[in-house]
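Given next are the chains, with one letter for each unit.
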Amino acid sequence: MEESMKINKNNNNKFDRLKDSILDYLDVKDSIKTGIEDYDRIKFQKRRILEMLNATDKDWDDYIWQLKSRFTNAAHIAPVIPLDGKETGDIARVAAKYRFAISPYYLSLIEPGNPACPIKKQSIPSVEEMSEEGELDPMDEKGSSIEDIITRRYPDRLIIKVTNICGMFCRFCQRRRMIGEFDTNCSVEKLKKAVDYVSSNNEIRDVLITGGDAFLLPDSQIQWLLSELRKIKHVEIIRFGTRTPVTIPQRITPNLVKILKKYHPVFVNTHFNSPREITPESKKACEMLADAGIPLGNQMVLLNGVNNDKHIVRKLNQSLLTLRVKPYYIFHPKTVKGTKHFWVNIQEGLEIMESLRGNTSGLAIPSYIVNGPKGLGKTPILPNYLLYIGKGKAVFRNWQGETFEIPN
Ligand SMILES: *Cc1c(COP(=O)(O)O)cnc(C)c1O
C-alpha cells in the first residue's frame, strides 16, 4: 500500500513536469493563427477581391478562373493590400527580373497592413531580391538533366518537370531560372521522350512528376502521363509535387481525383510553409486527395521571417496532421540568387528539430534536409543524440537531455 502510494506520488511529479514542459507552446499556440482560425478576415478580403474583379463565388471556386485571374501587377493589388509608392515601384522593378503572379485566392490570405505577413513575404516581390548573392542553379539540375525535363540524381528514381506554370511564383523559388516570361506546358514530344527514358531504364521504380506545379497540367495530360507510366512494369510508385492545395486549392476537383485514383499507388507531396495557409479550402483539397487513398506529404522550406520559429513549425505540422498530411521534409533554404533575405543558419533548423522530438507526435516530425550543391543530393541533419559509440556500449541523451547507455 505504502509502496504504491509512493509510485503514484513519483508519477504525479513526472506528469507535472511533462505539463510544465509544454506550457511555452500552450501560451503561444492560439496567437499563431491558422487560416481557419482567422477565416473571417480572409473572407473579408475575398469579398473585396471579387468585387474588384466583378466576379462571383462560382468564379472563385473555378481553378481556371483563379489561374487566368492571377495578379501580375502591383497597381492591381494595391486596393486590397495597401502598398506605398516606393513598394509599388520596387515590385515592378523586381517583377521585370523575376516573374510575379499571385492567384486571387492566395492574395486573399495576405493580412493587409502587416508588413511581416508570412503570405506576403512568400508571394509579393521585395527589393531585397535584387541582391546578386547566390546562384541561379545551385543544385546544378542542368548538369544532371536528361531530355531537358528529367533530373536524375539517384539510382532508382527521377523527377520529370512537366510545366513551368504555378498558381503563385514563390519569391524563394529554387527553379526561378526556368520560370521564364510565359506559361508553357512541356510539349507532348518531350513528355513522350521522358516516358521512353523511364521505360528503357528498368531500375527506375519511382517517378516524381513536378514542375512548376505538376497539377497545373490539364486533366487530359495528367491522365495520359499516368496511363503511359502505368504501362511500365518496373514503375512501382508515381508521385506528384504540387503546391496547388496551398495556392489554388480549387484545382483539386472531383475529376482530377477520379483520374489519380485509377493509377494507384499515387502519392502527392505538397508545400505548406505557414499555418495561415491552412484554410477551409486547402483542408477540403487535402481531404479530397486523402479520401481517394492518396498518401499526402508536406515539404516545407525553412524561410527567414516565415517559419524559422519552433512554435510556428509545431503548430503547422500538428495542423497538417489534422488534414491527413504527413510532414515529410524541412528543406534548408538553397543559395538561390535573389533569395538571400530568406536564408537561415543551420543552428536555427537544428533547434526546430530538437524542439519537435519528444514534444509532439513522431508523425509531426519531418526529416531536415540540406541539399548538397552541384547535385550532391539530399543530406539529412539531426541534432546529435548519440554521445559516444564504441566497443561494448553506446551512450545517448534523450529528448530532455538525460543520458543513458545501452550495450553495443
Ligand atoms: C528530391 C528529389 C528526388 C526525390 O527524393 P526523395 O528523397 O526520394 O523524396 C528525386 N530526384 C531528384 C532529382 C530530387 O531532387
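Here, every reference points to the structure presented above.
Please read these numbers as outputs of a predicted model, since none were measured by experiment. (Residues numbered from 1 in each chain as written. Predicted model: local features only at pLDDT ≥ 70, side-chain atom pairs only at ≥ 80, totals over all residues. Heavy atoms only, no water.)

**Q** I'm lost on the pairing of strand β4 (residues 206-210) in this one. Help?
**A** In the case of a regular strand, side chains alternate between the two sheet surfaces. Across the five residues that make up β4, a large majority, four, are buried. As judged from the five bridges shared by strand β3 (residues 157-161) and β4, these two strands associate in the parallel manner. In the sheet register, K161 faces β4, and the bridge partner there is T210. Pairing between β4 and strand β5 (residues 237-241): four bridges, direction parallel. Bridge assignment links I209 to a residue of β5, and that residue is F240. Regarding the hand of the β-α-β motif, the stretch spanning β4, helix α12 (residues 219-230) and β5 is right-handed. (Buried < 20%, exposed > 50% of the residue type's maximum accessible area, 1.4 Å probe, protein only. Helix = DSSP H or I, 4+ residues; strand = E, 2+ residues; numbered from the N terminus. Pairing = 2+ DSSP bridges. Right-handed = clockwise from strand over helix to strand, strands pointing away.)

**Q** What am I meant to see in the site of the ligand here?
**A** The immediate surroundings of the ligand are formed by T151, R153, Y154, R157, I159, L208, R239, Y328, Y329 and K378. Within the side chain of Y329, a nitrogen or oxygen atom sits 2.5 Å from an oxygen atom of the ligand. Between an oxygen atom of the ligand and a side-chain N or O atom of K378, the distance comes to 3.2 Å. Surface burial for the ligand is 87%, taken as the share of its 390 Å² of free accessible area covered by protein chains. Among the residues making up the shell around the ligand, the classes are represented as five nonpolar, one polar and four charged. (Near = heavy atom within 4 Å. Polar contact = N/O pair within 3.5 Å; in protein donor to acceptor, adjacent residues only side chain to side chain. Areas by Shrake-Rupley, 256 points an atom, 1.4 Å probe, with all protein chains shown as cover. Nonpolar A, V, L, I, M, F, W, Y, C, P; charged D, E, K, R; others polar.)

**Q** Which parts of the structure should I look at to understand the sheet that holds strand β12 (residues 393-397)?
**A** For sheets, the rule is that strands pair by backbone hydrogen bonds, running either parallel or antiparallel. The strand order across the open sheet formed by three strands is β11-β12-β13, and the pairing between neighbours is antiparallel. The sheet is open, and its two edges are formed by β11 (386-389) and β13 (403-407), each paired on a single side. In this sheet, adjacent strand axes meet at a mean angle of 15° when their direction is disregarded. Here three bridges tie β11 to β12, and the two strands are oriented antiparallel to one another. Bridging across to β12, I389 finds its partner in A394. (Axes fitted to C-alpha atoms, helices over the stretch in contact; angles between N-to-C directions.)

**Q** Explain the pattern of salt bridges here, please?
**A** Where side chains of opposite charge bring their charged atoms close, a pairing between them can arise. According to the stated counting rule, one finds 34 salt bridges in the structure shown. For K374, the salt bridge goes to E135, with nearest N and O atoms at 2.9 Å. Residue K374 is found in the loop between β9 (367-372) and β10 (377-381), and its partner E135 is found in the loop between α9 (118-123) and β1 (145-146); the two are separated by 239 residues along the sequence. Here K374 falls in the exposed class, since its relative accessible area comes to 52%. For E135, a relative accessible area of 32% corresponds to the partly exposed category. (Salt bridge = Lys/Arg side-chain N within 4 Å of Asp/Glu carboxyl O.)

**Q** Help me out: how do you make sense of the packing of helix α16 (residues 310-322) against helix α17 (residues 346-356) in this one?
**A** Pairs of packed helices are described in terms of their axes, by the angle between the two and the distance that separates them. Between α16 and α17, the least distance of the axes is 9 Å, while the angle of their chain directions is 55°. The pairing of α16 with α17 is recorded here as oblique in orientation. Between α16 and α17 lies a crossing whose hand is right-handed. Taken together, the residues of α17 that come into contact with α16 (itself represented by K310, V313, R314 and N317) are I352, S355 and L356. Partitioning the contact of α16 with α17 into residue classes produces three nonpolar, two polar and two charged. (Parallel < 35°, antiparallel > 145°, perpendicular 65-115°, else oblique. Left-handed = near helix turned anticlockwise from the far one by under 90°. Contact = heavy atoms within 4.5 Å.)

**Q** I keep staring at the packing of helix α11 (residues 188-199) against α12 and nothing clicks. Help me out?
**A** It is the contact of α11 with α12, at a shortest axis distance of 10 Å, that shows an interaxial angle of 20°. Here α11 lies roughly parallel to α12, going by the angle between them. The handedness of the crossing between α11 and α12 is right-handed. Along the contact surface, α11 presents L191, K192, V195 and V198, while α12 presents Q221, W224, L225, E228 and L229. The residue inventory of the contact of α11 with α12, partitioned by class, reads six nonpolar, one polar and two charged.

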